[in-house]
Amino acid sequence: MAAKNIAIGTGRRKTAVARVFLREGSGKIVVNGKDVKDYFATAEQIRTVHQPLLVTSNDNKFDILINVSGGGLNGQAGACLHGISRALLQVDQDCRTALKSNGYLTRDSRMVERKKYGQKGARRRFQFSKR
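Residues numbered from 1 in each chain as written. Predicted model: local features only at pLDDT ≥ 70, side-chain atom pairs only at ≥ 80, totals over all residues. Heavy atoms only, no water.

J.: I'm lost on the overall build of the protein in this one. Help?
T.: Secondary structure summary: the protein contains four helices and five strands in total. N-terminal to C-terminal, the α/β element order of the protein is β-β-β-β-α-α-β-α-α. Relative to its length of 131 residues, the protein is extended, with a C-alpha radius of gyration of 18 Å against a globular reference of 14 Å. The C-alpha extent of the protein, read off along each of the three principal axes, is 75 × 30 × 25 Å. Considering only contacts within the protein whose residues lie at least 6 apart along the sequence, 67% involve residues at least 24 apart. Split by element, the accessible area of the protein, about 8400 Å² in all, is 50% carbon and sulfur. The protein carries 25 positive and 10 negative side-chain charges, and their two centres are separated by 17 Å. (Helix = DSSP H or I, 4+ residues; strand = E, 2+ residues; numbered from the N terminus. Rg over C-alpha atoms; globule rule 2.2 N^0.38 Å. Contact = heavy atoms within 4.5 Å. Areas by Shrake-Rupley, 256 points an atom, 1.4 Å probe, with all protein chains shown as cover. Lys, Arg positive; Asp, Glu negative; His and termini not counted. Charge placed at Lys NZ, Arg CZ, Asp CG, Glu CD.)

J.: What is the right way to look at the pairing of strand β2 (residues 16-24) in this model?
T.: Side-chain direction in a regular strand flips from residue to residue, so the side chains alternate between the two faces of the sheet. Across eight bridges, strand β1 (residues 5-13) lies against β2 in antiparallel orientation. Bridge assignment links I8 to a residue of β2, and that residue is F21. Hairpin geometry of β1 and β2 is characterised by an intervening segment of two residues between the two adjacent antiparallel strands and by a positive phi of about 55° at K14. With eight bridges connecting them, β2 and strand β5 (residues 62-69) associate as antiparallel partners. Of the residues in β5, the one forming a bridge with V17 is S69. (Pairing = 2+ DSSP bridges.)

Here's what the structure looks like:
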């Protein structure tokens, strides 16, 4: 029998989207079928994913299954953080103050600025030639 999902949260950051499934368990985090330590490259990214669990002291209460797509690893780690925070909120409304004060419930709206026509990039101009 498959484990029952307690809560589902969707997290977003840049172009990354993470679907987070919270289950009863012992604190195992699986991202796209791999362990969290195998999936993310740096310790900072792994720490980012664990942050909402540490703040709410739920680090060994739930097993977390995450499906994440889009963006790079840093954006995906941020999306996981946002999704885990939202899922924890469904389980326990008391942890709202801890999550909100750390800014984990706010979707980080910073995105890459689009490239404009007649320019080399978003803001970079072509070199000006007087002659």
